[in-house]
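Commentary on secondary and tertiary structure
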Amino acid sequence: MGATPDTFNANWVTGVSADGGAKGQSIKLGDQSDDLTDFAYYSFRNWWDHKLKDVKKIRVSFFTPPGTSNSGGSPRISLEVNDDLGYHVIYLDPAHCGQLGKDGWVDSDFTGARTNCNIFDSLGNVFASDGSQTAWSKLVAHPSWANRRVYFAYVIQDATVGPNYIDRIMLDSAFFTKEP
């Protein structure tokens, strides 16, 4: 996407990938340090100022290796939305919107899943897919989010002990499968 992302305790690693193979890459969040949690984030710096209603694809594959403990919506993609009413966040959590894929990866289609998908926000709303509508379509139609723009997008883990891997990140037409 043309710019170095902001990161903390996160980096691209080779050999762990939803695509498989020894050369496959993914983002590793957390380093199993001595901290009580392995707080980590990786931001997508040039993916901002998008109208929520214009966002067509947010898809990600998540992998939690044995020994890692996740809780409280971690890991997830967070979309920060800043408007004249202040700062708000949309939480895209694979535990609430994902299908078990190959080799233990969880594949999440936050904008396209018509079943088994819930999206939460910092206002206390929960948007649920219902078989005919996606959770995303309900979110962007809601008055709290209509005509709002993404200010900042990042993947984060903040209630985790151990690492997580993130791969096959699709943000509209940007597709992240290897280090930029």
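Predicted, not measured: the structure shown is a model, and the values here were computed from it. (Residues numbered from 1 in each chain as written. Predicted model: local features only at pLDDT ≥ 70, side-chain atom pairs only at ≥ 80, totals over all residues. Heavy atoms only, no water.)

The full count for this structure, using the stated rule, is nine aromatic pairs. One aromatic cluster is present, built from ring pairs that chain together Trp12, Tyr42, Phe44 and Phe176. (Phe/Tyr/Trp six-rings, centres within 6.5 Å; stacked < 30°, edge-to-face > 60°.)

The next point concerns the pattern of salt bridges. All told, the structure shown has five salt bridges when counted by the stated rule. Of the charged contacts, one joins Arg168 and Asp19 as a salt bridge, the two residues approaching to 2.6 Å between their closest N and O atoms. Here Arg168 is found in strand S16 (residues 164-171), whereas its partner Asp19 is found in the loop between strand S2 (10-14) and strand S3 (25-29), with 149 residues between them in sequence. For Arg168, a relative accessible area of 31% translates into the label partly exposed. A salt bridge links Lys138 to Asp130; the nearest nitrogen and oxygen atoms lie 3.0 Å apart. We classify Lys138 as partly exposed; its relative accessible area is 24%. (Salt bridge = Lys/Arg side-chain N within 4 Å of Asp/Glu carboxyl O. Helix = DSSP H or I, 4+ residues; strand = E, 2+ residues; numbered from the N terminus. Buried < 20%, exposed > 50% of the residue type's maximum accessible area, 1.4 Å probe, protein only.)

Okay, the side chain of Thr134 next. Looking at the secondary structure, you find Thr134 in the loop between strand S13 (126-128) and helix H1 (135-141). According to the relative accessible area criterion, Thr134 is buried, its value standing at 6%. The residues touching Thr134, leaving out its near neighbours within four places in the chain, are Thr111, Gly112, Ala113, Arg114 and Ser129. (Contact = heavy atoms within 4.5 Å.)

Relative to strand S11 (residues 106-109), strand S6 (residues 58-63) runs antiparallel, the two being bridged by four bridges. What sits directly across from Val60, in S11, is Ser108. Direction of pairing for strand S10 (residues 99-100) relative to S11: antiparallel, over a ladder of two bridges. Its bridge partner being in S11, Gln99 is matched across the sheet by Asp107. Here S10 hands over to S11 after five residues, with Asp103 in that stretch at a positive phi of 55°. (Pairing = 2+ DSSP bridges.)

Our next topic: the pairing of strand S14 (residues 149-157). Pairing geometry for strand S4 (residues 40-43) and S14, over four bridges, is antiparallel. For Ala40, the partnering residue across the bridge sits in S14 and is Gln157. Where strand S5 (residues 50-51) meets S14, two bridges bridge the pair, whose relative direction is antiparallel. In the strand pairing of S14, Lys51 is matched with Arg149. Looking at chain direction, strand S8 (residues 76-83) and S14 are connected through six bridges and run antiparallel. Residue pairing in the sheet places Ser78 in a bridge with Tyr154 of S14.

By the secondary structure assignment, Lys178 is in the segment after strand S17 (174-176). Residue Lys178 is classed as exposed on the basis of its relative accessible area of 57%. With 153 residues separating them along the chain, Lys178 and Gln25 place their C-alpha atoms 5.2 Å apart. The contact partners of Lys178, leaving out residues within four places of it in the chain, are Trp12 and Gln25.

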